[in-house]
Every structure is written in structure tokens, then in C-alpha cells.
Amino acid sequence: MDKSNPLPFLSVMIILLLLPHVSNSQAAPSRDSIFVTFLQCLKSHTTQPDQVSNIVYAQTNASYTSIFEAFVRNARFNTPSTTKPLLIVTPLHENQVQATIVCSKTIGLHLKIRSGGHDFEGISYISEVPFVILDMFNFQNITVDIQNEIAVIQTGASLGQVYYRIWEKSKVHGFPAGVCSTVGVGGHLSGGGYGNMMRKFGLSIDNVVDAKIVDVNGRVLDKNSMGEDLFWAIRGGGGASFGVILSYTVKLVSVPEKVAVFQVDKTLDQNATDLVFQWQQVAPHTDDRLFMRLVLQPVSSKTLKGQKTIRASFQALFLGGADELVTLLEKEFPLLGLKKETCKEMSWIESVFWWANFNDGSSLNALLERNHYKVHSSKRKSDYVQSPIPKDGLKWILKKMVELGKVELVFNPYGGKMNEVAFDATPFPHRAGYLYKIQYTVSWEEKGDDVEKSLLSQIRMLYSYMTPFVSKNPRSAYVNYRDLDIGINRHGKDDYNDGVVYSIKYFNKNFERLVNVKTKVDPENFFWNEQSIPTLPNKA
Ligand SMILES: Cc1cc2nc3c(=O)[nH]c(=O)nc-3n(C[C@H](O)[C@H](O)[C@H](O)COP(=O)(O)OP(=O)(O)OC[C@H]3O[C@@H](n4cnc5c(N)ncnc54)[C@H](O)[C@@H]3O)c2cc1C
Ligand SMILES: *[C@@H]1O[C@H](CO)[C@@H](O)[C@H](O)[C@H]1NC(C)=O
Ligand SMILES: *[C@@H]1O[C@H](CO)[C@@H](O)[C@H](O)[C@H]1NC(C)=O
Ligand SMILES: *[C@@H]1O[C@H](CO)[C@@H](O)[C@H](O)[C@H]1NC(C)=O
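Criteria and cut-off values
Each residue is numbered by its place in its chain's sequence as written, counting from 1. Going through the entries in the order they are written, you letter the chains from A and number the ligands from 1. It should be noted that, the model being predicted, local features are given only for residues of pLDDT at least 70 and side-chain atom pairs only at 80 or more, the latter also being counted only at that level, while totals for whole chains, interfaces and linings use all residues. In computing side-chain properties, one takes all heavy atoms of the structure into account and sets aside hydrogens as well as water. UniProt positions are given in the numbering used here, feature names are shortened, and annotations may be inferred rather than shown by experiment. When DSSP finds two or more bridges between two strands, those strands count as paired. Put simply, DSSP H or I for four residues or longer makes a helix, DSSP E for two residues or longer makes a strand, and each gets a number counted from the N terminus. All axes are obtained by fitting lines to C-alpha atoms, using only the stretch in contact for helices, and the reported angles, taken between N-to-C directions, cover 0 to 180 degrees. Two residues qualify as a contact provided that any one of their heavy atoms is within 4.5 Å of a heavy atom in the partner residue. Segment limits for the domains were obtained from an automatic or database-derived domain assignment. Reported buried area values correspond to the accessible surface (1.4 Å probe) lost by two parts on association, with both partners' losses combined. Whenever Lys or Arg places a side-chain nitrogen within 4 Å of a carboxyl oxygen from Asp or Glu, that contact is recorded as a salt bridge. Only protein chains enter the accessibility calculation, which uses a 1.4 Å probe; a residue is then buried when its area is under 20% of its type maximum, exposed when over 50%, and partly exposed in between. For the purposes of these results, a polar contact is taken to be a pair of N or O atoms within 3.5 Å, where, inside protein, one atom must be able to donate a hydrogen and its partner to accept one; residues adjacent in sequence count only when each atom of the pair is a side-chain atom. Think of it this way: one heavy atom of a residue within 4 Å of a molecule or strand is enough to make that residue near it. Only the protein chains shown count as covering a residue, and every accessible area follows the Shrake-Rupley method with a 1.4 Å probe. Residue polarity is assigned by list, with Asp, Glu, Lys and Arg as charged and Ala, Val, Leu, Ile, Met, Phe, Trp, Tyr, Cys and Pro as nonpolar; anything else, Gly included, falls into the polar class. Among buried residues, the Ala, Val, Leu, Ile, Met, Phe, Trp, Tyr and Cys ones that are joined through side-chain atoms within 4.5 Å form a nonpolar core. Cysteine sulfurs are considered disulfide-paired once they come within 2.5 Å of each other. Stacked, tilted and edge-to-face are the three classes applied to pairs of Phe, Tyr and Trp rings, where Trp contributes its six-membered ring and a pair requires centres within 6.5 Å; stacked means planes under 30 degrees apart, edge-to-face means over 60, and tilted covers the rest.

An unreviewed UniProt entry lists the chain under the name Berberine bridge enzyme-like 21, with Cicer arietinum as the source organism. Word for word, the UniProt comment on the chain under Sequence similarities (unreviewed entry) is "Belongs to the oxygen-dependent FAD-linked oxidoreductase family." The UniProt entry for the chain carries this comment under Cofactor (unreviewed entry): "FAD".

In C-alpha cells:
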């Protein structure tokens, strides 16, 4: 059972390849038979066989579409032409996860793992080959232990749930992770996880102390039994290449009773270019309690009718009071002209709420909601800046953004704790020497290929204009900002060579160790996806 048998896989492929040529009435039984075979396999591999029929959704099931769509966070990947999974499995117990892996492997079905579904390219729920989704959404338990300052978090939980459950137990503890409350723990923590406390406490993965994973043979392993290498790999190397992560145990961090936030907006006619230039000198070097994000958006000009300008929004979290923050920025960032009235003091959990863009009126338990924002279409890309962009360069970029009209940039400052963690302490390599990360973003509601084509071309053009100003050899990227433009693996005979292309950008010098771990724990490359870590060619 441990060796994957290629024959059943081939027979499924043949059945599916034949499907378009047969009528629907004939097609249904083939898919049905996969369903039946799968159920039978699950039954024989789980401790409670009678429960299995409650966790597998076939395409013909009335709830199939709503289960599929519940964690689709990008409308681009949910169209009539999107290839949908043959089955969606929604385990309630560990042994059902184990059985799902074993059965997918035995029957020869490709497996996609989904936790929060926030993957920017949707690769947790779409595929070009016949596949099954293992949906972890029932794994939402979070156990917070304030005495030992740790929490055990199942991977189907959202970040909002994590923050809320910590806050229920303590007002002076928190956890450093992303700002959007609906992001899933499974993808976020396995790919790094950054948020507005990263300059003080590092990434989420810098605060992981244990994990539970189901490997390709269906074994449940923890830090001790999985060994140092695999434990290292699933803290930043992306979980899906290695197995199904059930939970992470994390160290909580101390947050002050009062923190301060602000947002200051400036347009080009308000000297935004000078401010952006100075931001580069301040944000990555200032007090590590201060995280000052910069968002650059093309907007309609208020002073020049019918024209566009760029709005630079400085959004900050300070782990301290407003007086201290104002004094700090008067000295370090005088151009911003920050006033105490502009700052808001609040509890840490209220700052989580403020950053997650909830309305002031809603109650904190909105953090527990999984679907609080509208799902539209989007595309994201990432870059890293290692030396400040000269003022002329900035002027030119901002002008290009006005011309393009829709693409936004978000600058996330590094420094602080990020400089102190060695590049190879985790697979995430962008540490000392990286000033800030750029996120490119474009979102739209309109349907249709033309809109999509034109906006994708916009974001790619801006990415190309940025070439002189960003990291080179490799041009680095963040794996949690999944971008298939930088390379794709179609699981052909060039797996390894295809895999090198994007892996070097995401993991730089850590690629080699990741490949070795991958080859050791999943030699047959069962846990393959469009951007997985490849196995070494001679062993595959
Ligand atoms: C609105 C929005 C805001 C975001 N904000 C931030 C931010 O502030 N900071 C930041 O760092 N990132 C942010 N991201 C990116 C986010 O961290 C990644 O998209 C992350 O991978 C999402 O995790 P998920 O579980 O929701 O996604 P999924 O789509 O479920 O999974 C993403 C990847 O992880 C794999 N995976 C998921 N669960 C498991 C598991 N249990 N075991 C093994 N593999 C698994 C999937 O197969 C897939 O390859 C944001 C994304 C969105 C859409
Ligand atoms: C749909 O699938 C679910 C999960 O397996 C099951 O509980 C339910 O009975 C199915 N519904 C129908 C109508 O088959
Ligand atoms: C979550 O915890 C509850 C209560 O302890 C338990 O019954 C349930 O099985 C747990 N769920 C998972 C997926 O582990
Ligand atoms: C912009 O900068 C100029 C020159 O430094 C200065 O005179 C002017 O007051 C600034 N404008 C704003 C709106 O701050």
C-alpha cells in the first residue's frame, strides 16, 4: 500500500480522457464508479466506516457546489470552464485524513489540500488533471494555554479565529500573522506568514514550536517523529509539497494593553513622492515596535478634474502609546507631519479589527466569520527591494502607475527582527538585507476575458517596469503570494528543471535543502502541485 501503483492512475486517466467523447448518461457512471471505489477504500481504512458517507461529496451531490465555493476566494477560478474536483472530502477526524491520502494514492487520483482557500492562484482547489480536494475546514479547533504561552491551532482555522481565541483568554497576548482575518492557517503558516508585528516578532513560522503532519504513507507525525528536516521544511517551504498538516503549535507573544494606529494619505500634489522616498529611509530601520505599511493607489484627483493621481497611504501599528509614536516620527519622518489627533489608541484586538477593515460598528466576533468580504477576481505578484529606489525612479514609477490606471502597490517594511533571523533558519530566505517587500495587486468585479486580459497585462507591465529597482539573481518572490507567471510545473519529465525556476525565486539558497527533504519524504512525488518542490531527478 505504501508504494503508489501507477496502473490504477492510468486507468482513471483513460476513463477521464474518454469522457468528452461519450454522452453524459454514460459519463455519469464512470464518475460514480470512482465515487464508489473511493468510498469503499475509505471505509476499509478508517476506524468508523459508517461515518465515511458523510464526508465525501460527488459532483452529483446537491451540496457539492456550495462546498466547493465556500472557500474559493478568487472568482477567476470559479467559472463554468474551471475544471472542478471529482470529489471533495471533508474529514472530521485525523484517521479520515490518513485514509484520504492512502486512498487517493491507491486509486491514482491527484490530491489538492485546502485550508482557507486564499491561494492567489487557486491551486488548493483547481487542477488541470483529475483530482480530489481534501478540505480541512472542519479542523478549526484552537487550544490556547496562557500559562505556557502556547496555542495548538488546527490548520482549517482562520487567522481571525486565532486572534479572537487568544484575546478571549488574555488581553496582553497575541500572535504575529497576517492582517486579513479570513486567511487560513494551513497555507499561511506553511508558507511563512507575515503581518504588522513582524518587525518585532518575525514571521509566524519564527514562532512555531511543533506541528502535526500526515505523511505520504498516512502516518501521523509530530516534531520528534518527523525529524528536524521535515519540521524545518513545513515552516515556510509550503506545506502541500510534503504532506497534510493537521495543526501547528505556536508560541504566543506579549502585546501591550494599549497600541496605536494611524493612516495618513497624501497625493502627488501633496508631495507624496518625497514622502515615499523618505519612507524608504525610515520604515525598515525605525523602532521595531513600529510597522508602517505604504499603499500606493491610482485615484481620481480632487484638485485636477478628470485627472488621475497617486494616493500614498501610510498605515501603521505601533506597539506602544500615541505620544511616544508622535515623538518618534517627528524626529525620524518629519515630512509625514503626524499629529496626535491622527493616531488612535486601542487594545491589540481592536487594532486587529481596524487593520482587517471591518466597519467600526461591527462587533469583535466578526473576526470569527469566514466570508466577510465579497469574492471578486484578482491577481497578485511580489518583489523585494534591497536598496532604496532613487527619487527619479520613484517619480517615473508613479507616473507609469497613473498611466496604467488600476494596479496598486503595497510596500511592507522589513528590518527589526527580520534582520536577526538567519536566512537558513527556515526555508523563508528574505531576511537581513531586504528593506521591503512589494505586493502588486489588481482586483475587478467585471466578468469576461477582455477585462481579465487587459488587467493581467497591466500588472505584468508594472512588474516589468520595476525590474531595475528590485532584487536580482534571483528576482525574489514570496511563496504565499503565489504567482504562476514566475514558473509552473506541469508534472512532466522536466519536473526538476521546471521546479528550479520558481523555487529559487521563493527560497533562494534554501532550495537545495528543500529538494533533499522532499526527495526523502515523498520520493514518488505524490504531493505534487503547480509550484511544488521537485524531487531529485535520479530518485524520482
Ligand atoms: C485577502 C488576502 C489577504 C492576505 N494577507 C496576507 C498577509 O497579511 N500576510 C501574508 O503572509 N499572506 C497574506 N495572504 C496570503 C496567504 O498567506 C496565502 O494565500 C496562504 O497560503 C493562504 O492560506 P490558506 O490556507 O487560506 O490557503 P489555501 O488556498 O487553502 O492553501 C494555500 C496553499 O497551501 C496548501 N495547504 C493549505 N492547507 C494545507 C495543509 N493543511 N497542509 C498542507 N498544505 C496545505 C494548499 O494546498 C496551497 O498550496 C493573503 C491572501 C489573501 C487572499
Ligand atoms: C451529499 O454528500 C454528503 C457528504 O458525504 C452526504 O452527507 C449527503 O447525504 C449527500 N447528499 C445526497 C443527496 O446524496
Ligand atoms: C475539536 O474538538 C472537539 C472537542 O474536543 C472534538 O469533539 C472534535 O473532534 C475536534 N475536531 C477535530 C477536527 O479534531
Ligand atoms: C511640498 O514641498 C514644497 C517644497 O519643499 C513645500 O513648499 C510645500 O509646502 C509642500 N506641499 C505640501 C502640501 O506639503
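S.K.: Looking at this model, I keep getting lost on the sheet that holds strand 16 (residues 377–385). Mind explaining?
M.R.: The strands making up a sheet are joined through hydrogen bonds of the backbone, oriented either antiparallel or parallel. Read across the sheet, seven strands follow the order 15-12-14-13-17-18-16 without closing on themselves; strand pairing throughout is antiparallel. Looking at strand neighbours, the two that pair on one side only are strand 15 (344–346) and strand 16, the edges of this open sheet. The average angle at which neighbouring strand axes cross in this sheet is 20°, direction not considered. In this sheet, strand 18 (residues 436–444) lies alongside strand 16 in antiparallel orientation, the contact comprising nine bridges. When the sheet's bridge partners are listed, Ser-378 is paired in strand 18 with Ser-443. In the packing of helix 14 (residues 449–465) onto the sheet, the strands contacted are strand 16, strand 17 (408–413) and strand 18, and the crossing angle to strand 18 comes to about 165°.

S.K.: Whenever I open this one, the domain arrangement of the chain confuses me. Can you help?
M.R.: The domains assigned to the chain are domain 1 (7–135), domain 2 (142–254) and domain 3 (259–346 + 376–469). Taken residue by residue, the interface counts six residues in domain 1 and nine residues in domain 3. For the pair domain 1 and domain 3, the two sides together bury roughly 590 Å², of which 43% comes from carbon and sulfur. If you sort the residues of domain 1 by the area they bury against domain 3, Ala-75, Arg-76 and Phe-120 come out on top, with a joint share of 75%.

S.K.: Looking at this model, I keep getting lost on the pattern of salt bridges. Mind explaining?
M.R.: Two side chains carrying opposite charge are able to pair once their charged atoms lie near each other. In the structure shown here, the tally under the stated rule is 25 salt bridges. Ionic pairing is found between Asp-119 and Arg-482, a salt bridge with its closest N-O pair at 3.0 Å. Separated by 363 residues along the polypeptide, Asp-119 in the loop between strand 3 (110–114) and strand 4 (131–135) and Arg-482 in the loop between helix 14 and helix 15 (495–507) bring together distant segments of the chain. We note a salt bridge from Arg-490 to Glu-128, for which the minimum N-O separation is 3.3 Å. On the criterion of sequence distance, the pair formed by Arg-490 in the loop between helix 14 and helix 15 and Glu-128 in the loop between strand 3 and strand 4 is long-range, its members being 362 residues apart.

S.K.: I keep staring at the pairing of strand 13 (residues 290–300) and nothing clicks. Help me out?
M.R.: If a strand is regular, its side chains alternate between the two faces of the sheet. For strand 13, the tally of buried residues reaches ten of eleven residues, placing the bulk of the element in the interior. Pairing geometry for strand 13 and strand 14 (residues 308–318), over eleven bridges, is antiparallel. Each residue of the ladder has a partner; that of Val-299, found in strand 14, is Thr-309.

S.K.: Sorry if this is basic, but what is going on with the side chain of His-430 here?
M.R.: Among the secondary structure elements, His-430 is positioned in the loop between helix 13 (417–420) and strand 18. Within the structure, the side chain of His-430 is placed 2.9 Å from the backbone oxygen of Ala-477, a separation counted as a polar contact. A distance of 3.4 Å separates a polar side-chain atom of His-430 from the backbone oxygen of Tyr-506. Setting aside chain neighbours within four positions, we find His-430 in contact with Tyr-384, Tyr-414, Met-418, Ser-476, Ala-477, Lys-505 and Tyr-506.

S.K.: Honestly, the site of ligand 2 in this entry has me stumped. Any pointers?
M.R.: Close to ligand 2 lie Ser-53, Asn-54, Ile-55, Val-56, Tyr-57 and Asn-61. Between ligand 2 and Val-56 there is a distance of 2.8 Å, counted from an oxygen atom to a backbone nitrogen or oxygen. Between ligand 2 and Asn-61 there is a distance of 2.2 Å, counted from an oxygen atom to a side-chain nitrogen or oxygen. In the complex, the protein chains occlude 52% of the 360 Å² of accessible area that ligand 2 would expose alone. Counted by class, the shell around ligand 2 contains three nonpolar, three polar and no charged residues.

S.K.: Can you walk me through the nonpolar core in this structure?
M.R.: For soluble globular proteins, nonpolar side chains are generally found buried alongside one another. Within the largest apolar cluster, 127 residues are counted, with the highest numbers of intra-cluster contacts made by Phe-242, Phe-262, Met-292, Leu-296, Leu-329 and Leu-336. Not counting residues within four places of it along the chain, the set of residues in contact with Leu-296 comprises Val-276, Ile-310, Arg-311, Ala-312, Leu-398, Met-401, Glu-408, Leu-409 and Phe-411. In this structure, Leu-39, Ile-55, Val-214 and Phe-527 belong to the second largest nonpolar core, which totals 30 residues.

S.K.: Could you clarify how one ought to interpret the pairing of strand 18 in this entry?
M.R.: Among the nine residues that make up strand 18, eight are buried, leaving the element largely enclosed by the rest of the structure. Both strand 17 and strand 18 contribute to a ladder of six bridges, which runs antiparallel. Its bridge partner being in strand 18, Val-410 is matched across the sheet by Gln-439.

S.K.: Any chance you could explain the state of the cysteines here in plain terms?
M.R.: Each disulfide consists of one covalent bond between the sulfur atoms belonging to two cysteines. Going through the model one piece at a time under the given rule, you end up with one disulfide. At a sulfur-sulfur separation of 2.1 Å, the disulfide partner of Cys-41 is Cys-103. One quick way to see it: the torsion about the S-S bond of Cys-41 and Cys-103 is about -90°, and its sign makes the bridge left-handed. Taken together, the positions of Cys-41 in helix 2 (residues 24–45) and Cys-103 in helix 4 (residues 94–107) put the pair 62 residues apart, joining distant regions of the chain. Each of the two residues, Cys-41 as well as Cys-103, counts as buried.

S.K.: So what exactly am I meant to see when it comes to the packing of aromatic side chains here?
M.R.: A complete count under the given rule lists 23 aromatic pairs for this structure. Measuring from centroid to centroid gives 5.6 Å for Tyr-163 and Trp-348, while their planes differ by 90°, and the two rings are edge-to-face. Of this pair, Tyr-163 sits in helix 5 (residues 159–169) while Trp-348 sits in helix 11 (residues 348–355), placing them 185 residues apart in sequence. With respect to class, Tyr-163 is no different from Trp-348; both count as buried. Each ring, one from Phe-526 and one from Phe-527, has its centre 5.0 Å from the other, and the planes form 75°; the classification is edge-to-face.

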